[in-house]
Amino acid sequence: MALVVLATCVATFAGRLRVPAPSLLVLAGLGVALVPGLPTVRVSPEIIATVVLPPLLYASAKEISARDLRAMWRPLAGLALGLVAATAAGVAGLALAITSLSVPMAFVLGAVLASTDPVAVTALGRTLPLPARIQALAQAESLFNDATSLVLFQVAVGLAAGSSTADWAGAGWRFLVLAVGGAGIGAVVAGIVVAVRARAADPILHTVLALVTPYAAYLLAQAVGVSGVTAVVVAGVVLGSTGHKITDARTRLQVGAVYDVVVFLLESVVFALIGLQLPALVRDLPVGSGWWPLQAGALAVALIGIRFIWVRPTVSRAAPTRAYPAWPLTRVLVWAGTRGVMPLAAALAIPLTSQDGRVIADRPLVLVLTTAVVAAMLIVQGFSLAPVVRSSGLAVDPVRIAEKERAARVVLDETALAFLDAVEQDAEAGNATVEGLRRRYAARLDAHTDEARSDTGYDRLQRAIIGVQRAELRRLRREGGIGDGMERRLQHELDRAEAALDR
């Protein structure tokens, strides 16, 4: 509970300072872990993989449209397949050269660090003014490259543990089973959820289904031996593309509000745990492992270097990104590809002993190097990503975004006025009703096209009216004129009216 409160305060503080919350949370976790006398925090991989990751992956996947995926499948395949394999091989080779890891455990480390993290990439990139297609490519890559790294990880762990079933020859077939099977499970779960939600009118039921869906997809996929990560991602993409068709505005507001709270809490805690666990893991290192900080730094540099070598020709030749300047685009995509929660969960899942009961001695060093690399990249890339984006020339001007949004609002209001003109002679719609609606949308249209509107004091007067209504509502409840349920409903309407003034 203390960690939840601390992480929430730090994340809120980061928002006010306009600094990336994941980076500040890692630093806060490190600071707390170094306080003398506090208990050691150790998190099992099951907690992270089963409780934390599914809703975070689901929330990230819902932001990716199926249309963007169809347009970017070529560069996405190159990054999610080729880059992951190249990174795993490069990191393994470097680990063999600069650490005492055995060959199998060096490949385990390479597989763990091979893929970018969807939770970290989404959290860091959420507030960056990047073009939508570039943001979608970075986010989609981080969502779909985990299946590749998971296959490599399972084969490498099998070799390290002495499993007779682990072989590189069957890795390709294993990848197909994990990825295709996971995608199928995710699509089936999404189809069932769409069918149920389309027939349900209760917003509470919709909210419960939205919270249960990622866990159902993940656990069902894991139970049948396929990729739970892929299942959650596919379910999120499908439901993100169809959710607006099966719910009304009130339901979407409620589900969105609940999910925002869940994602905020889970992200805040999980990034703090990365920093919180590092000192405890370091204390478990055997004697003679004192070079781990330099080794972790070298591995982090290698990750960035390999990513740059691969991304540069991939994005410059791909149709969806060919129009952007190659060097600035490469610089942004390389720096946005950070590591985070997924590598930590994978490293924690390394077994303690081999098949013959022998303790895997290199496991503590792999855990420390993984956590140190993740923490370093979150801190360095997190704090410097916004300046990199601004200096690249790819950042979208906030004024331009506001102008496009205002233009869209004008189009919507003009459409409403045209519709009212068409129904003016409708016998079921009274003239007074049509005229009242026409005045409302005409006033809104004037507000969008007249910049002087903000100086008229309209918003200030409207807020004052809402304040008076709230006071009257409290008086009615205090004097017994209305009950608690009616007060909550009327209060919610006033809150929505006030929130509309901030749009």
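Everything quoted here is computed from the prediction, not taken from an experiment. (Residues numbered from 1 in each chain as written. Predicted model: local features only at pLDDT ≥ 70, side-chain atom pairs only at ≥ 80, totals over all residues. Heavy atoms only, no water.)

## With respect to the overall build of the chain
- On a plain count of helices and strands, the chain comes out with 21 helices and zero strands.
- Looking at the chain as a whole, 46% of its 503 residues qualify as buried.
- Here the analysis covers contacts within the chain between residues at least 6 apart in sequence; of these, 81% occur between residues at least 24 apart.
- As displayed, the chain has an accessible area near 24700 Å², and 64% of this comes from carbon and sulfur atoms. (Helix = DSSP H or I, 4+ residues; strand = E, 2+ residues; numbered from the N terminus. Buried < 20%, exposed > 50% of the residue type's maximum accessible area, 1.4 Å probe, protein only. Contact = heavy atoms within 4.5 Å. Areas by Shrake-Rupley, 256 points an atom, 1.4 Å probe, with all protein chains shown as cover.)

## Digging into helix 11 (residues 203-223)
- End to end, helix 11 covers 30 Å across 21 residues, agreeing with the expected 30 Å (1.5 Å per residue, within 8%).
- Within helix 11, the full set of buried residues consists of Pro203, His206, Thr207, Leu209, Ala210, Thr213, Pro214, Ala217, Tyr218 and Ala221.
- The N-capping residue of helix 11, defined by a side-chain oxygen 3.1 Å from the backbone nitrogen of Ile204, is Asp202.
- Positive phi shows up at Gly225, right after helix 11, with a value of about 85°. (Expected span 1.5 Å × (residues − 1). Polar contact = N/O pair within 3.5 Å; in protein donor to acceptor, adjacent residues only side chain to side chain.)

## Let's talk about the packing of helix 3 (residues 45-62) against helix 16 (residues 341-348)
- At a closest axis distance of 8 Å, the pairing of helix 3 and helix 16 adopts a crossing angle of 145°. Across the interface between the two elements, Pro45, Ile48 and Leu53 of helix 3 pack against Val341, Met342, Leu344, Ala345 and Leu348 of helix 16.
- Per-class residue counts for the contact of helix 3 with helix 16 are eight nonpolar, no polar and no charged. (Axes fitted to C-alpha atoms, helices over the stretch in contact; angles between N-to-C directions. Nonpolar A, V, L, I, M, F, W, Y, C, P; charged D, E, K, R; others polar.)

## A word on the nonpolar core
- One finds Leu101, Val108, Leu109 and Phe271 to be the most contacted residues of the largest nonpolar core, which totals 123 residues.
- Considering every element that reaches this core, the biggest residue donor is helix 17 (residues 363-392), with 15 residues.
- Residues contacting Leu109, with those up to four places away along its chain left out, are Val91, Ala95, Leu101, Leu299, Val366, Leu369 and Thr370. (Core = buried A, V, L, I, M, F, W, Y, C linked by side-chain atoms within 4.5 Å.)

## Section: the packing of aromatic side chains
- Considering all chains together, one arrives at two aromatic pairs under this definition.
- Their ring planes at 45° and their centres at 5.8 Å tell us that Tyr58 and Tyr259 sit as a pair that is tilted. Remark: Tyr259 occurs in helix 13 (residues 249-283) and Tyr58 occurs in helix 3; sequence separation between them is 201 residues. Exposure class is identical for Tyr58 and Tyr259. Each is buried. (Phe/Tyr/Trp six-rings, centres within 6.5 Å; stacked < 30°, edge-to-face > 60°.)

## Brief notes about the environment of Leu348
- Considering the arrangement of structural elements, one finds Leu348 in helix 16.
- Take Leu348: its relative accessible area is 9%, and that puts it in the buried class.
- Beyond its immediate chain neighbours, meaning those up to four positions away, Leu348 contacts Val43, Pro45, Ile48, Gln277, Arg363 and Leu367.

## A word on the side chain of Asn145
- Mapped onto the elements, Asn145 comes out in the loop between helix 8 (132-144) and helix 9 (146-160).
- Looking at Asn145, its side chain comes within polar contact range of the side chain of Thr116, at 3.0 Å.
- Here Asn145 is in contact with Ala80, Val84, Ser115 and Thr116, once residues within four sequence places are set aside.

## Considering the side chain of Thr314
- By secondary structure assignment, the location of Thr314 is in helix 14 (residues 292-317).
- Within the structure, Thr314 has its side chain in polar contact with the backbone oxygen of Trp310 (distance 2.8 Å).
- Excluding anything up to four places from it in sequence, Thr314 contacts Pro75 and Leu79.

## Thoughts on the environment of Arg174
- Secondary-structure assignment places Arg174 in helix 10 (residues 171-198).
- You can call Arg174 partly exposed: its relative accessible area is 31%.
- Linking Arg174 and Thr148, residues 26 residues apart in sequence, is a C-alpha distance of 9.9 Å.

## Here's the deal with a nonpolar patch on the surface
- Taken together, the side chains of Val4, Val261, Phe264 and Leu265 define a hydrophobic patch exposed on the protein surface, amounting to about 280 Å² of accessible area.
- Residue contributions to the nonpolar patch peak at three residues, all from helix 13.
- Summarising the element assignment, Leu265 is placed in helix 13. (Patch = residues over 30% accessible without salt bridge, like charges linked within 9 Å, V, L, I, M, F, W, Y side chains within 5 Å. Salt bridge = Lys/Arg side-chain N within 4 Å of Asp/Glu carboxyl O.)

## Side note on the environment of Asp68
- With respect to the helices, strands and loops of the structure, Asp68 is situated in helix 4 (residues 66-71).
- Once the C-alpha coordinates of Asp68 and Leu137 are considered, the two residues, 69 residues apart in sequence, prove to be 8.2 Å apart.
- In contact with Asp68, other than residues within four places in its own chain, are Arg133 and Ala136.

## Looking at the packing of helix 3 against helix 11
- Two numbers describe how helix 3 lies on helix 11: the axes approach to 9 Å, and their chain directions differ by 115°. Here the hand of the crossing between helix 3 and helix 11 comes out right-handed. The segment helix 3 lies against helix 11, with Ala49, Thr50, Val51, Pro54, Pro55 and Tyr58 engaging Ala210, Thr213, Pro214, Tyr215, Tyr218 and Leu219.
- Taken together, the residues that form the contact of helix 3 with helix 11 break down as 10 nonpolar, two polar and no charged. (Left-handed = near helix turned anticlockwise from the far one by under 90°.)

## Considerations on helix 17
- The largest bend along helix 17 reaches roughly 40° and is located at Leu385, with the proline Pro387 sitting one to four residues downstream.
- The buried fraction of helix 17 amounts to 21 of the 30 residues, a majority that puts the element mostly inside the structure.
- Positioned one or two residues after helix 17, Gly393 has a phi angle of 85°, which is positive. (Bend = angle between axes of the 7 residues up to and from the residue.)

## Some thoughts on the confidence of the model for the chain
- Of all residues in the chain, 85% have pLDDT values of 70 or greater, and the mean over the chain is 79.
- Between the elements of the chain, mean pLDDT differs from a low of 68, seen in helix 19 (residues 431-449), to a high of 91, seen in helix 11.
- Counting contacts from residues 451-456, a segment whose pLDDT is below 50, to residues more than four positions away or on other chains yields four contacts. (pLDDT = per-residue confidence, 0-100.)

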